[in-house]
Amino acid sequence: MILKMDRLPIELPKPNNPSANNAAAVQELLGGKFGEMSTLMNYTYQSFNFRGRKKLRPFYDLICSIAGEEYGHIEVVAYTTNLLLTGTSKRGMDPAKTPLANGVDARNTSHFIASGQSALPMDSMGRFWSGENVFSSGNLKLDLLHNFFLECGARANKMRVYEMVDTPTARTMVGYLLVRGGLHVVAYAKALEKLTGVEVTKLLPIPDLSNDAFPEAKKFMEQKLHLQLYTFSQEDYKQSGLIWNGPHPEDGQECVVIEGAIPGYPVPDLDEEPQLNAPGADDFDPQMFADMAKKMGINYQY
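Numbering of residues starts from 1 in each chain and follows the order in which that chain's sequence is written. Side-chain atom pairs in this predicted model are given and counted only at pLDDT of 80 or more, local residue features only at pLDDT of at least 70, and totals for whole chains, interfaces and linings cover all residues. Side-chain measures were taken over the full set of non-hydrogen atoms in the model, leaving aside hydrogen atoms and water.

When you go through the chain residue by residue, the secondary structure sums to nine helices and four strands. Numbering of helices and strands starts at the N terminus; helices are DSSP runs of H or I of at least 4 residues and strands are runs of E of at least 2. Going from N to C terminus, the chain has its helices and strands arranged as β-α-α-α-α-α-α-α-α-β-β-β-α. In summary, the chain has a C-alpha radius of gyration of 21 Å against a globular reference of 19 Å for 302 residues, a match within 12%. In terms of its C-alpha atoms, the chain occupies a principal-axis envelope of roughly 65 × 50 × 35 Å. We call two residues in contact when some of their heavy atoms are within 4.5 Å. Considering only residue pairs separated by 6 or more positions, the chain has 78% of its internal contacts joining residues 24 or more positions apart. The protein chains shown are the only cover counted for residues, whose accessible areas, like all others here, come from Shrake-Rupley with a 1.4 Å probe. Accessible surface for the chain amounts to roughly 15,600 Å². Of this, 53% is attributable to carbon and sulfur atoms. Charge-centre separation for the chain: the mean point of 29 positive side chains lies 5 Å from the mean point of 36 negative side chains. Both definitions apply: the radius of gyration is a C-alpha atom measure, and the globule rule equals 2.2 Å times residues to the power 0.38. We count Lys and Arg on the positive side and Asp and Glu on the negative side, and we leave His and both chain ends out. Charge positions come from single atoms, namely NZ of Lys, CZ of Arg, CG of Asp or CD of Glu.

Attention shifts here to the UniProt feature "binding site: Mn(2+)" (unreviewed entry) in the chain. UniProt positions are given in the numbering used here, feature names are shortened, and annotations may be inferred rather than shown by experiment. UniProt marks E36, E70, H73, E151 and H184 with the feature "binding site: Mn(2+)" (unreviewed entry), using the numbering shown here. Considering the C-alpha atoms alone, the annotated residues occupy 149 residues of sequence yet fold into one spot, their largest mutual distance being 13.0 Å. Structurally, H73 can be placed in helix 4 (residues 57-85). Ignoring sequence-local partners within four residues, the contact set of H73 consists of E36, Y176, L177, R180 and H184. Polar contacts, as counted here, are pairs of nitrogen or oxygen atoms within 3.5 Å of one another; within protein the pair requires one atom able to donate a hydrogen and one able to accept it, and residues that are adjacent in sequence qualify only if both atoms are side-chain atoms. There is a polar contact of 3.4 Å between the side chain of H73 and the side chain of E36. You can see H184 is positioned in helix 7 (residues 168-196).

Next up on the list: the UniProt feature "binding site: Ca(2+)" (unreviewed entry) in the chain. UniProt's entry tags D61 and S233 with the feature "binding site: Ca(2+)" (unreviewed entry), counted in the numbering of this structure. These residues run over 173 residues, yet every pair of their C-alpha atoms falls within 10.3 Å of each other. Inspection of the secondary structure puts D61 in helix 4. Examined against the element boundaries, S233 turns out to sit in the loop between strand 2 (228-230) and strand 3 (256-258). Three exposure classes are used, based on accessible area relative to the maximum for each residue type with a 1.4 Å probe and protein chains only: buried under 20%, partly exposed in between, and exposed over 50%. Take S233: its relative accessible area is 13%, and that puts it in the buried class. Setting aside residues up to four positions removed in sequence, S233 forms contacts with E259 and G260.

A word on the packing of helix 3 (residues 36-48) against helix 4. Between helix 3 and helix 4, whose axes approach to 8 Å, the crossing angle comes to 150 degrees. It follows from the interaxial angle that helix 3 and helix 4 lie roughly antiparallel. Handedness of the crossing formed by helix 3 with helix 4: left-handed. For the pair helix 3 and helix 4, the contacting residues are E36, M37, T39, L40, Y43, T44, Q46 and S47 in the first and Y60, I63, C64, I66, A67, E70, Y71, H73, I74 and V77 in the second. Among the residues making up the contact of helix 3 with helix 4, the classes are represented as 11 nonpolar, five polar and two charged. The convention used is that axes are lines fitted to C-alpha atoms, helices contributing only their stretch in contact, and that angles between N-to-C directions extend from 0 to 180 degrees. For this classification, under 35 degrees means roughly parallel, over 145 means roughly antiparallel, 65 to 115 means roughly perpendicular, and everything else is oblique. Two helices that cross are described as forming a left-handed crossing if the nearer one is turned anticlockwise from the farther one by less than a right angle, and a right-handed crossing if clockwise. Just so you know the grouping, Ala, Val, Leu, Ile, Met, Phe, Trp, Tyr, Cys and Pro go in nonpolar, Asp, Glu, Lys and Arg go in charged, and all remaining residues, Gly too, go in polar.

With an omega of -5 degrees, the peptide bond running from L204 to P205 counts as cis. On the secondary structure map, P205 appears in the loop between helix 7 and helix 8 (215-222). Phi angles above zero are rare outside glycine, and Q117 is one such case at about 60 degrees. Topologically, Q117 is positioned in the loop between helix 5 (110-113) and helix 6 (140-164). Of note in the backbone geometry, Y237 takes a positive phi value of approximately 65 degrees without being a glycine. When you line up the elements, Y237 lands in the loop between strand 2 and strand 3.

A separate point is the nonpolar core. Here, nonpolar core means buried Ala, Val, Leu, Ile, Met, Phe, Trp, Tyr and Cys residues that are tied together by side-chain atoms lying within 4.5 Å of each other. Formed by 40 residues in total, the largest nonpolar core has its most connected members in L12, V26, V76, V77, M173 and Y176. Counting only elements with at least two residues in this core, the list comes to helix 1 (20-26), helix 2 (28-31), helix 3, helix 4, helix 6, helix 7 and helix 8. Here M173 is in contact with I10, L12, V26, L29, V76, V77 and T80, once residues within four sequence places are set aside. Of all hydrophobic cores here, the second largest spans 29 residues; its members include L144, F148, Y188 and Y237.

So, about the packing of aromatic side chains. Two aromatic rings from Phe, Tyr or Trp, using only the six-membered ring of Trp, form a pair when their centres are within 6.5 Å; if the ring planes differ by under 30 degrees the pair is stacked, by over 60 it is edge-to-face, and anything between is tilted. The tally for this structure, following the rule as stated, stands at nine aromatic pairs. Here the aromatic rings of Y43 and Y188 are separated by 5.2 Å at their centres, their planes lie at 55 degrees, and the arrangement is tilted. With Y43 in helix 3 and Y188 in helix 7, the pair connects residues that are 145 residues apart, well separated along the chain. Ring centres of Y162 and F214 lie 4.9 Å apart, and the angle between their planes is 85 degrees; on these two criteria the pair is classed as edge-to-face. Taken together, the positions of Y162 in helix 6 and F214 in the loop between helix 7 and helix 8 put the pair 52 residues apart, joining distant regions of the chain. A connected cluster of aromatic rings, assembled from ring pairs, spans F50, Y60 and Y237. Two conditions define a charge sitting above a ring: the NZ of Lys or the CZ of Arg must be within 6 Å of the ring centre, and it must be within 35 degrees of the ring normal. In this structure, R171 packs its charged tip against the face of Y162, placed 4.1 Å from the ring centre.

What follows is the structure, given as C-alpha cells:
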C-alpha cells in the first residue's frame, strides 16, 4: 500500500512565461516510454510479482523502495506541466470570444481539449502511455538489467528536455530527477553487482555527462540527495540497505538508507480556468463545509 501525502519532493518555482509547447516537451518525462509512468509501473509490478522474496529480500526491498518514490516523481512532473500551462489561455466565461484560441498553435492540443489545461498520461507527441511499457519477466537478473537500462534511457531523455526548455520551473524539476534518477541507476547497478559479481558501476554515468553540468542538479547533489535512498515506508523495506551501501561510484561518498519519505513541500494551488469549466463548480457554497468543519473541530479554509 502507498501512504499518500499532500506534498511534492521539491518546491517548484512558478514560471514567469508559461508555455504550452514547453509543457508538451515535459510530458515526455511523464508518459513517454522512458517516463515516470513507466518506471513506476515497471517496479510496482515487479514488486507484486516477486517470487522467493524471503531468500532475496534485499532485492525485493530495493525495488519496492524505488517504486514508492516513483509515485512522487509522477506528481512533480505533472505539476510542472500544469504550471507551464497555467496562463496560456484567456480566462473568462464567454465562449464566443475564443478564449482557447492559443490552443490551436500548441503542439499538444489535448491539454486544451481533453483536460483542464493540465497534465495527461501521455508523451510529448500526445500518445497515451501504455501498459505495454511494463516489463516484469519474473527473472530477477533480467528485471534488474531492464531497470538499469530503463533508468539510463530516462536519464538521457531528461537531459534532452532540459536542453529544450529554459524555464526555471522545468529545469528545477529536471535537475531534481537527474539526481534521484541517477541514484536509481546506481542502485540497480549495485544490485546487479551483488547478484552477479559484474562491476556494472564502471559503466556509469550513462550518458557520459556528470550531473555537475546542470546547475539545478548540482544544487541537489550538494544536498547529498544522490546518496540517500529512502524506503518510502514507515516500517518496511529496511533490507534495501544491504544493497545500497558503500561508496558512490561518482564521488566516493557513502551511500545511506533513510527510513520513511522525503519531507517535501506544499503542492502548488492551481488557479481556476473558467473558460475550460475547470473545476466548474460555481454553484458550490463553501460556507456549508465551513459550518460543518466548525462543529467537527476541523480547520477548513477557502
